[in-house]
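# Working through the structure, step by step
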Amino acid sequence: MSQVAQDIRYTKSHEWARLLPDGTVEIGISDHAQGALGDLVFVETPDVGRAVATGEACAVVESVKAASDVYSPISGTVVAVNAELATTPELINQDCYGRGWMMRVQPKSASEVEAMLDAAAYAAVLAAEGG
Amino acid sequence: MPFIPHTPTDIDEMLKVIGVANVDDLFDEIPAALRVSGLPGIPEGLNEMQIGRLMSERARQDGRPLSFLGAGAYEHHIPSAVWAITTRGEFYSAYTPYQAEASQGTLQLIYEYQTMMASLTGMQVSNASLYDGGSAVAEAALMAARAHRRSKSLRVLVPQALHPNYRKVAISTAGNQGMRFEEIAYQRESGQMDLAALKPFEGQDITALVIQQPNFFGVLEDVDALTDWAHSQGAFVIAVVNPTSLAILKPPGEWGTKGADIVVGDGQPLGVPLSSGGPYFGFMTTRMDYVRSMPGRIVGRTVDLDGKQGFTLTLQAREQHIRRGKATSNICTNQGLLMTAATIYLSLMGPVGLARVAEASHQRAQELVAALTRVKGVRLAFGGPRFHEAVLQFDRPVGPILRELEAQGLQGGLDLAEFHPELGPALLVCATETKTAADIERYALALGEAVRNARAA
């Protein structure tokens, strides 16, 4: 059973978003996503300064068996990426909601995060998928 | 397993099962306007007997001239063992196998090939080969655009003295993907890329600079200065090299302060016969930093559960059978058989043997230039250092002279009228280790006569 962190928001495509005190939004992939991918070997993060739109493919996670796009859950500008992932992509496998964060985005509007799935709704999505 | 094509009965049964009237209906999602009915200019198929006869006739038309033609494809001695081994049943396939790991021998051979190419070019990783030199240049440009994250311009600077076919292939392949190729003139005295012609591009966003060593004229570029210029401008360096020459020239990995970023070229000189122009194979090597942006297959060495050495396809997640439309490249194959021949050629020659081929070719070419420029009305076009080719300028059109040589069983070189009209009547000549002093003497005598005849006419 995949772990679903309670204090953050999710997408149906298995990204999560966390509104930070400074107003930026931290983004990563869910425990379900990392489990489905398996051992990650490479993470491609976007350039800092890039403008991303909701639903736009902006990062790639590559495991021993597959490579998947990561879609931005919100619109905004990338202000930071997790540089540690370049050498230790397994942080996503080990701690997907913490040290395995992928990027921070300055949102166009904070309300977009509010509109995302909460933990209960995301758990329901996983249950419907049989996960 | 034998390959048995479907019979008309099989096809009817399959269509019935899926409820489709005929095979054409399977393609009905392609708009009618985009479909081609028939291929004009392409004749009907021929049977084996007919095609065998036709090809023998064509081969006879080629004749067996004493050839001083290079221009991208080079006549080198190929030890008999190369193709005797390459055509063994264990190797005799054009493809990397689909169930690749079942063929450990094939994978080990590709791994050895990659190791040799990486070492020859001074780079860290190699793919399992590409189609040919031209497509390798195109793929290198596309790769530079993917790998170079700070450059957004898709602008690539190419020397005017880049092989014209490579430029054409690069433009037709990568041009439609938004890449722009801009030409950098050469110096008329040396034949080398003109550093002054690069000046106007300083401070601009340039994705990559292509450097061909030796260039199309056979002239050696000042690769260190060009590489450092490109890196000072934040551009990648794509090296296009002749693999034989690398046995005696500085490998691209050591060009300038930082070395080239991507190295490509045509592998034909490594054991592949001229064969009227192909098939040849392309090679590509790069730094480990950019391996995920490199097209083509890559074989890696690993250990199995018992700790024994094994070989495996690696980094497949960037290929199209996994990443679909977002794959690094649509090139997920290689020129298996030609690459096999090259691997065997390289292992038979060894570093010392390859260097002897390169040195002998250079020496023969120097002798050729000396002999031909003694002919009145023939002079050397460029003063820059050379490998095994040179451009000669004439005071009469080259075409008729070449035809007269041809009548005497001599292929004198490439008439540059079509490619570099600015040079006036000019001929690109080449000599490799296959040419003897007597061959060169014969060419010089025949050329002297042909030029005298042309002047008298």
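Nothing here was measured: the structure is a model prediction, and the numbers come from that model.

Attention shifts here to the overall build of chain B. When you go through chain B residue by residue, the secondary structure sums to 12 helices and 15 strands. Dimensions along the principal axes, computed over C-alpha positions, put chain B at roughly 80 × 55 × 55 Å. Counting all 457 residues of chain B, 44% fall into the buried class. The long-range share in chain B, meaning contacts at least 24 apart out of those at least 6 apart in sequence, stands at 75%.

At the junction of the two partners, chain A supplies 6 residues and chain B supplies 7 residues. In the side of chain A that touches chain B, the residues fall into 3 nonpolar, no polar and 3 charged.

A few words now on the sheet that holds strand β7 (residues 262-266) of chain B. Residue and element names in this part refer to chain B. The strand order across the open sheet built from 7 strands is β2-β8-β7-β6-β5-β3-β4, with neighbouring strands paired in mixed fashion. The strands lining the two open edges of the sheet, one partner per strand, are β2 (125-126) and β4 (180-184). Alignment of strand β6 (residues 236-241) against β7, held across 3 bridges, turns out to be parallel. Its bridge partner being in β7, Ala239 is matched across the sheet by Val263.

Another point: the packing of helix α11 (residues 398-407) of chain B against helix α12 (residues 437-456) of chain B. All names here are of chain B. Where α11 meets α12, the axes come as close as 9 Å, and the angle between the chain directions of the two elements is 135°. Here α11 lies oblique to α12, going by the angle between them. For the pair α11 and α12, the crossing hand works out as right-handed. The residues of α12 that touch α11, namely those facing Pro400, Ile401, Glu404 and Leu405, are Ala446, Leu447, Ala450, Val451, Asn453 and Ala454.

Right, let's talk about the pairing of strand β9 (residues 103-107) of chain A for a bit. Residues and elements named next belong to chain A. Pairing of strand β3 (residues 25-29) with β9 involves 3 bridges; the strand directions are antiparallel. Across the sheet, residue Val25 finds its bridge partner in β9, namely Val105. Bridging between strand β8 (residues 76-81) and β9 involves 5 bridges; their strand directions are antiparallel. Looking across to β9, one finds that Gly76 is bridged to Pro107.

Looking at chain B as a whole, its pLDDT mean stands at 93, while 98% of the residues score no less than 70. For this predicted complex, the interface score ipTM comes out at 0.72, alongside a pTM of 0.87.

Okay, the nonpolar core next. Grouped together as the largest cluster of nonpolar side chains are 126 residues, with contacts concentrated most on Val137(B), Ala141(B), Ala144(B), Ala208(B), Val210(B) and Ile238(B). Per-element accounting of this core gives the leading share, 16 residues, to helix α10 (residues 336-372) of chain B. In this structure, this core is formed jointly by two domains, domain 1 (80-344) and domain 2 (351-456) of chain B, each of which donates at least three residues. Aside from chain neighbours lying at most four places away, what touches Ala141(B) is Val156(B), Ala170(B), Ala174(B), Met179(B), Ala208(B) and Ile238(B). Core analysis: the second largest hydrophobic core is formed by 32 residues, Ile8(A), Leu91(A), Met102(A) and Tyr122(A) among them.

We now examine the sheet that holds strand β4 (residues 40-44) of chain A. Residue and element names in this part refer to chain A. Taken in spatial order, the 3 strands make up an open sheet running β4-β6-β7, and their pairing is antiparallel. Across the chains shown, the open sheet's two edge strands, defined by having one partner strand only, are β4 and β7 (67-71). On average, adjacent strands in this sheet sit at an angle of 25° to one another, irrespective of strand direction. Sheet topology note: the β4/strand β6 (residues 57-63) ladder contains 4 bridges and is antiparallel. Each residue of the ladder has a partner; that of Val43, found in β6, is Val61.

The next thing to look at is unusual backbone geometry. All names here are of chain B. Here Gln213 and Pro214 are connected by a cis peptide whose omega angle stands at -10°. Note on placement: Pro214 falls in the loop between β5 (208-213) and α8 (223-232). Look at Ser129: it is not a glycine, yet its phi comes out positive at around 105°. For Ser129, the location among the structural elements is in the loop between β2 and α5 (133-147).

Attention shifts here to the environment of Ala67(A). Mapped onto the secondary structure, Ala67(A) falls in strand β7. Separated by 27 residues in the primary sequence, Ala67(A) and Leu40(A) place their C-alpha atoms 9.1 Å from one another. Apart from residues no more than four positions distant in its own chain, Ala67(A) is found in contact with Val60(A), Glu62(A), Ala317(B), Arg318(B), Ile322(B) and Arg323(B).

Moving on, we get to the pairing of β6(B). Residues and elements named next belong to chain B. In terms of burial, β6 is a largely internal element, 6 of the 6 residues being buried. By the alternation rule, side chains of β6 split into Phe236, Ile238 and Val240 and Val237, Ala239 and Val241, which are all buried. As paired strands, β5 and β6 are joined by 6 bridges and run parallel to one another. Following the sheet pairing, Gln213 is matched in β6 by Val241. Assessed by its sense of winding, the connection that carries the chain from β5 through α8 to β6 is right-handed.

Analysis parameters
Residues numbered from 1 in each chain as written. Chains lettered and ligands numbered in written order. Predicted model: local features only at pLDDT ≥ 70, side-chain atom pairs only at ≥ 80, totals over all residues. Helix = DSSP H or I, 4+ residues; strand = E, 2+ residues; numbered from the N terminus. Buried ≥ 20, exposed ≤ 12 C-beta atoms within 10 Å, placed from the backbone. Contact = placed C-beta atoms within 7 Å. Nonpolar A, V, L, I, M, F, W, Y, C, P; charged D, E, K, R; others polar. Pairing = 2+ DSSP bridges. Axes fitted to C-alpha atoms, helices over the stretch in contact; angles between N-to-C directions. Parallel < 35°, antiparallel > 145°, perpendicular 65-115°, else oblique. Left-handed = near helix turned anticlockwise from the far one by under 90°. pLDDT = per-residue confidence, 0-100. Core = buried A, V, L, I, M, F, W, Y, C linked by C-beta atoms within 7 Å. Domains from an automatic or database assignment. Right-handed = clockwise from strand over helix to strand, strands pointing away.

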